[in-house]
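What follows is each chain in one-letter form.
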2 protein chains.
Amino acid sequence: MILEIVAENKCFGGRQLQFTHESSALNCTMRCSIFVPPQADTSKVPVLYWLSGLTCTDENFVQKAGAQRIAAELGVAIVAPDTSPRGEGVADDPEGAYDFGLGAGFYLNATQPPWNQHYRMYDYISAELPDLIASSFAVDAERAGIFGHSMGGHGALTIGLKNPQRFKSISAFAPIVAPTQCPWGEKALSGYLGDDRERWNAYDACELLQSVQQKPAALLVDQGDADNFLVEQLKPELLQQACDAAGVPLTLRLQPGYDHSYFFIASFIEDHLRFHADQL
Amino acid sequence: MILEIVAENKCFGGRQLQFTHESSALNCTMRCSIFVPPQADTSKVPVLYWLSGLTCTDENFVQKAGAQRIAAELGVAIVAPDTSPRGEGVADDPEGAYDFGLGAGFYLNATQPPWNQHYRMYDYISAELPDLIASSFAVDAERAGIFGHSMGGHGALTIGLKNPQRFKSISAFAPIVAPTQCPWGEKALSGYLGDDRERWNAYDACELLQSVQQKPAALLVDQGDADNFLVEQLKPELLQQACDAAGVPLTLRLQPGYDHSYFFIASFIEDHLRFHADQL
């Protein structure tokens, strides 16, 4: 596997890189960002995968979260992939909706045409990308964690729960915890997977908490209580109930006055990086 | 004077606000951002003015510099204005160049038509905006500092040097230190002020260091040595020479491997905030 560096900026003593590569899982050229901390010059470092939310690319987190400072201090790499396949020939929502198609891959493997031609973000994030990163950078694939925001929080929870050997720590900001029970999720799951709701459960964190063999040792979730999407889409109480039923220790922090923006993420990103570093 | 809040996000316990107001100096509606730290809930706080570079709006610094964390810790407000007048009827470079007209006000009062109708960023930053801020937020106008990047570093140095009673601390990232001696500056100064080079000196930091009555007690400048604009446009050695001649203590830090981007600014913004807080 080969990647091409398209941008490089020194940042907090490390390197913020942007690269492109041919993805076999997604059947298109993908762009991705990685922060490589200075410690990687001398030894392999732990690596975190950040999954972004609806409409984002690989750049939002890199520019707005302010994570590089702590990543450089802790000696952790952070990979920020795009949120869907891209490019010529990749199907998009016919009406250009922000919550389906381009920028809205929902971290699953689509089964419905035309989406099943490219939309296999689950395979990309859970296997192809970590393999590419491990073969291209000084990261220790045995010490990997996963986190994300909103749709990306959904991705982090579901991919993390199903791949405990790949991802040893999981956290999320304002995640979609039960896509089978909210409008964003129902639209995405029916569109990508079809109408058989049984198939949807494989991509629902609250469902997976009951069914996965290996439960996570800990989960950290931050949620702003002034988030416009809190009641209709995010429903963190469902995650609390599922974790309680599964015996999974969840630290769910309802942050007063915070909304769904990157200003919220930036305010608490340090806690998440330390949470992952402690487990890795 | 009245301002209208158009966006508000909680961030590090404070408030990141964006507002619009009618500017009499610029004769148009302006948008501006301010971070109000939590300490402003109980007492007036020091305030810093950040001047951005070419092509920027009030948003770049707010989203990319990661300054709110330290501002919240230190209890400092940060105002981030736009970089030029905007809107219907505001003249722009006829070819849409990035380095003249909209997004490139150069923090001066234009004398040449049509620019003299709106391009009076010097008056806006040195008087109208500080007065508006002081009357609208819990800031102590007696404890104000100014800093900026590139064209905004030029603005911070020149406005700070000429208004020591308004701005008691000055710093810059990769500033244009001598616009009378570089292509960006020659284009802007001739366009906005005409061909009489004598008039240009009022907006050249190296010239002002010799002529101003009250010299600054200290200057902090960071400059990346991998900055593409270093040799042709920025020329920090001219600032060093001017400070030496004027007896002004300059801390000029050439940062190895850093470029002209916000990744560079984010890496050292904490040092600048502490530099200002110490003097205020």
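Bear in mind the structure is a predicted one, so any value in this text is a computation, not a measurement.

Novice: Any chance you could explain the overall build of chain A here in plain terms?
Specialist: Within chain A, the secondary structure is distributed over ten helices and nine strands. For a compact globule of 280 residues, the expected C-alpha radius of gyration is about 19 Å, and chain A comes in at 17 Å, within 12% of that figure. For chain A, the C-alpha atoms occupy an extent of roughly 50 × 40 × 35 Å along the three principal directions. The buried share of chain A, taken over its 280 residues, is 61%. Of all intrachain contacts in chain A linking residues separated by at least 6 positions in sequence, the fraction that spans at least 24 positions is 72%. For chain A, the exposed area adds up to about 10,200 Å²; of that, 48% sits on carbon and sulfur atoms. Where the 19 positive side-chain charges of chain A centre and where its 34 negative ones centre are 5 Å apart.

Novice: Whenever I open this one, the interface of chain B and chain A confuses me. Can you help?
Specialist: Interface size is commonly expressed as the accessible surface area that is lost when the partners come together. The partner chain A presents 21 residues to the 21 residues of chain B that form the contact. At the boundary of chain B with chain A, total buried surface from both sides reaches about 1,700 Å², with 54% on carbon and sulfur atoms. Linking chain B to chain A there are zero salt bridges. Remark: the boundary between chain B and chain A carries twelve residue pairs in polar contact (both at pLDDT 80 or more).

Novice: Explain helix H3 (residues 121-136) of chain A here, please?
Specialist: Each α-helix turn comprises 3.6 residues. Residues three or four places apart therefore point the same way. Maximal helix bending in H3(A) amounts to about 35°, located at Glu128(A); proline Pro130(A) follows within four positions. When we look at burial in H3(A), the residues that qualify are Met121(A), Tyr122(A), Tyr124(A), Ile125(A), Ser126(A), Glu128(A), Leu129(A), Pro130(A), Leu132(A) and Ile133(A).

Novice: Can you help me understand the sheet that holds strand E7 (residues 170-173) of chain A in this one?
Specialist: Two modes of strand pairing occur in sheets, parallel and antiparallel, and in both the strands are linked by backbone hydrogen bonds. Taken together, nine strands build an open sheet; the order of strands is E1-E2-E3-E5-E4-E6-E7-E8-E9 (chain A) and the sheet is mixed. Across the chains shown, the open sheet's two edge strands, defined by having one partner strand only, are strand E1 (3-11) and strand E9 (250-255) of chain A. Neighbouring strand axes in the sheet, compared pairwise and without regard to direction, differ in orientation by 20° on average. In terms of strand pairing, strand E4 (residues 45-51) of chain A meets strand E5 (residues 77-81) of chain A through three bridges, oriented parallel. Bridging across to E5(A), Val47(A) finds its partner in Ala77(A). The strands that helix H4 (residues 151-162) of chain A touches are E4, strand E6 (139-149), E7 and strand E8 (219-224) of chain A; relative to E6(A), the one it contacts most, it runs at about 140°. The sheet strands contacting helix H10 (residues 262-279) of chain B are E1 and strand E2 (14-23) of chain A, and the helix crosses E1(A) at an angle near 35°.

Novice: Would you explain the relation of the copies chain B and chain A in this entry?
Specialist: In this structure, two copies of a chain are linked by a rotation about an axis accompanied by a shift along it. Note on the copies: chain B fits chain A at an RMSD of 0.0 Å, the axial shift is 0.0 Å, and the rotation between them is 180°. The transformation just described matches what one would write down for a two-fold rotation axis. When the interface residues of chain B are mapped onto chain A, 100% of them are again interface residues, pointing to one common binding face.

The rules behind these values
- Residues numbered from 1 in each chain as written.
- Chains lettered and ligands numbered in written order.
- Predicted model: local features only at pLDDT ≥ 70, side-chain atom pairs only at ≥ 80, totals over all residues.
- Heavy atoms only, no water.
- Helix = DSSP H or I, 4+ residues; strand = E, 2+ residues; numbered from the N terminus.
- Rg over C-alpha atoms; globule rule 2.2 N^0.38 Å.
- Buried < 20%, exposed > 50% of the residue type's maximum accessible area, 1.4 Å probe, protein only.
- Contact = heavy atoms within 4.5 Å.
- Areas by Shrake-Rupley, 256 points an atom, 1.4 Å probe, with all protein chains shown as cover.
- Lys, Arg positive; Asp, Glu negative; His and termini not counted.
- Charge placed at Lys NZ, Arg CZ, Asp CG, Glu CD.
- Buried area = accessible area lost by both parts, 1.4 Å probe.
- Salt bridge = Lys/Arg side-chain N within 4 Å of Asp/Glu carboxyl O.
- Polar contact = N/O pair within 3.5 Å; in protein donor to acceptor, adjacent residues only side chain to side chain.
- Bend = angle between axes of the 7 residues up to and from the residue.
- Pairing = 2+ DSSP bridges.
- Axes fitted to C-alpha atoms, helices over the stretch in contact; angles between N-to-C directions.
- Least-squares fit on C-alpha atoms with pLDDT ≥ 70 in both.

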